[in-house]
Amino acid sequence: NKQVILKDYVSGFPKESDMYLNASGRIKLKVPEGSNAVLVKNLYLSCDPYMRPRMKQPIPGNETYIEPFKPGSPIVGNGVAKVLDSGHPDFKKGDLIWGKTGWEEYSLITAVQTLFKIHHTDVPLSYYTGILGMPGMTAYAGFYEICSPKKGERVFISAASGAVGQLVGQFAKLLGCYVVGSAGSKEKVDLLKNKFGFNEAFNYKEEPDLHAALKRYFPEGIDIYFENVGGKMLDAVLLNMRAHGRIAVCGMISQYNLEHPEGVHNLMTVVWKRVRIEGFLVSEYHHLFPKFLEFVLPYIKEGKITYVEDVAEGLESAPAALIGLFTGRNVGKQVVVVARE
Ligand code: NDP
C-alpha cells in the first residue's frame, strides 16, 4: 500500500521534501470483524489549500477549526474511491464514494460519516473532488448564501481560475452579474475571459497598483467580493466597495505560509460604505448538498457550466501537486489520479 507521509510539521513555505512516498505500507484488504469501517481503493485525490494549515504544529490554546495532520502518517484529504469491503450498512462492495480518505492506494475509513455515496456516474468521477464535491459546494454556499447576489450586480473574484473561483464566476454570470476575476498568469486570465465567460480578468502579478486596477474594471465600485486570497488584494478591494456591498470571506491563501499574517489597513471603509464582511465554512452547508447537485448537474450536462481540472498522474506526484497550489502552478482544480478504476 503506497502512501504519502507527512514527515514533520511545516513552517513557512511547504516543500515537496516535507512529504515522502512510503512504498512498503501494509494493509489487510478486509474490514476487521465487527467493525463498521469501509475499506476503499482510492481513485482520485483532491489537493486543497486548507491542507496547508493542517501541516502546522498546533499551538495549545490557539487551535484552529481543523485538526492538524499527524507527522509520520499519511496525508488525509478528500478523494473519490471504490468500496472493496464494508462493515457499514449504508455502503457495499462496488459502491463509489467521495469524502475523507488517505493519500494512499487503499484506506480503511472509520469516519464513515464523512463519506458521500456517488449516484451520478455519467460525469467524470474526478469531478467529485471539485465541481461536484467540496469546492463546488463552497462556491454554491458562498455565493448564494453569503453574498446575497442580485442580477446586474458587480462581482469581483480573486484566485478566480481555481477550483472554487471558476464556479463562483460562472454562477454570477448565470445570474446576470458583471463579473471580473484576478489570477496569476496570462493563461489563467485567458481562461477566465474565453472559457468561463467572465466580463473581464487581469493578472494581479502584473499590476503595480491593485487599487488602480480595480478602479479601472469597477469605475462605480464593487457590490460583491468573493475573497480567496486576502492580504494586499483585500486592502485594495476595501477601497473599491460600493455602499452596502458584501464580502464573502472564503479563504486567504496569501496568508497560509506566513508565520505572521499581514495586517489589513483599510477596514474603516467598512463603516462608511456599510459593507458586510462574512466568513463561512463549507462544512456547515452539507445539508444543501442534494439541492446543490440538483442545481448544478443539469448545467454541466447542458454544457452551460464548464470545469477545468489540472490532473497529476500517480501518488508520487501528489506532494508537488499540493505545494503547487501556493505558487499558482495549478491551472484549475488540482486533482491527483491514483487509479482510474
Ligand atoms: P485554487 O484552485 O484556487 O488554488 C489556489 C490558487 O491560489 C493558486 O492556483 C493561485 O492562483 C492562488 N494563490 C496562491 N498563492 C497566492 C498568493 N500568495 N496570492 C494570491 N493568490 C495566490 O484553490 P481553491 O479554489 O481550492 O481555494 C480557493 C480559496 O478558497 C482558498 O483560500 C481556500 O482556502 C478557500 N476555501 C475555503 C473553503 C471554506 O469552507 N471556507 C472551502 C474550500 C476552499 P494564481 O495563479 O491566480 O495566483
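Residues numbered from 1 in each chain as written. Predicted model: local features only at pLDDT ≥ 70, side-chain atom pairs only at ≥ 80, totals over all residues. Heavy atoms only, no water.

Caption draft 1: How the structure looks around the UniProt feature "domain: Enoyl reductase (ER)" (unreviewed entry) in the protein. Mapped onto the present numbering, the UniProt feature "domain: Enoyl reductase (ER)" (unreviewed entry) falls at residues 38-336. As a span, residues 38-336 carries 24% helix and 25% strand, and end to end its C-alpha atoms are 21 Å apart. (UniProt positions renumbered as here; feature names shortened; annotations may be inferred. Helix = DSSP H or I, 4+ residues; strand = E, 2+ residues; numbered from the N terminus.)

Caption draft 2: Region of the structure containing the pairing of strand β4 (residues 76-86). Across seven bridges, the pairing between strand β3 (residues 38-46) and β4 is antiparallel. Bridging from a neighbouring strand, Leu 39 pairs with Asp 85 of β4. Bridging between β4 and strand β5 (residues 96-102) involves seven bridges; their strand directions are antiparallel. Each bridged residue has a counterpart across the sheet, and for Gly 79 the counterpart in β5 is Gly 99. (Pairing = 2+ DSSP bridges.)

Caption draft 3: View of the sheet that holds strand β11 (residues 222-227). Strand order in the open sheet formed by six strands is β10-β9-β8-β11-β12-β13, with parallel pairing between adjacent strands. Of all strands in the sheet, those with a lone pairing partner are β10 (200-203) and β13 (276-279), marking the two edges. Across the sheet, the mean angle separating the axes of adjacent strands is 15° when strand polarity is ignored. Of the strands in this sheet, β11, β12 (241-249) and β13 touch helix α1 (residues 134-146), which is tilted by about 150° from β11. Each of β8 (154-157), β9 (178-183) and β11 touches helix α2 (residues 165-174); the most contacted strand, β8, lies at about 170° to it. (Axes fitted to C-alpha atoms, helices over the stretch in contact; angles between N-to-C directions. Contact = heavy atoms within 4.5 Å.)

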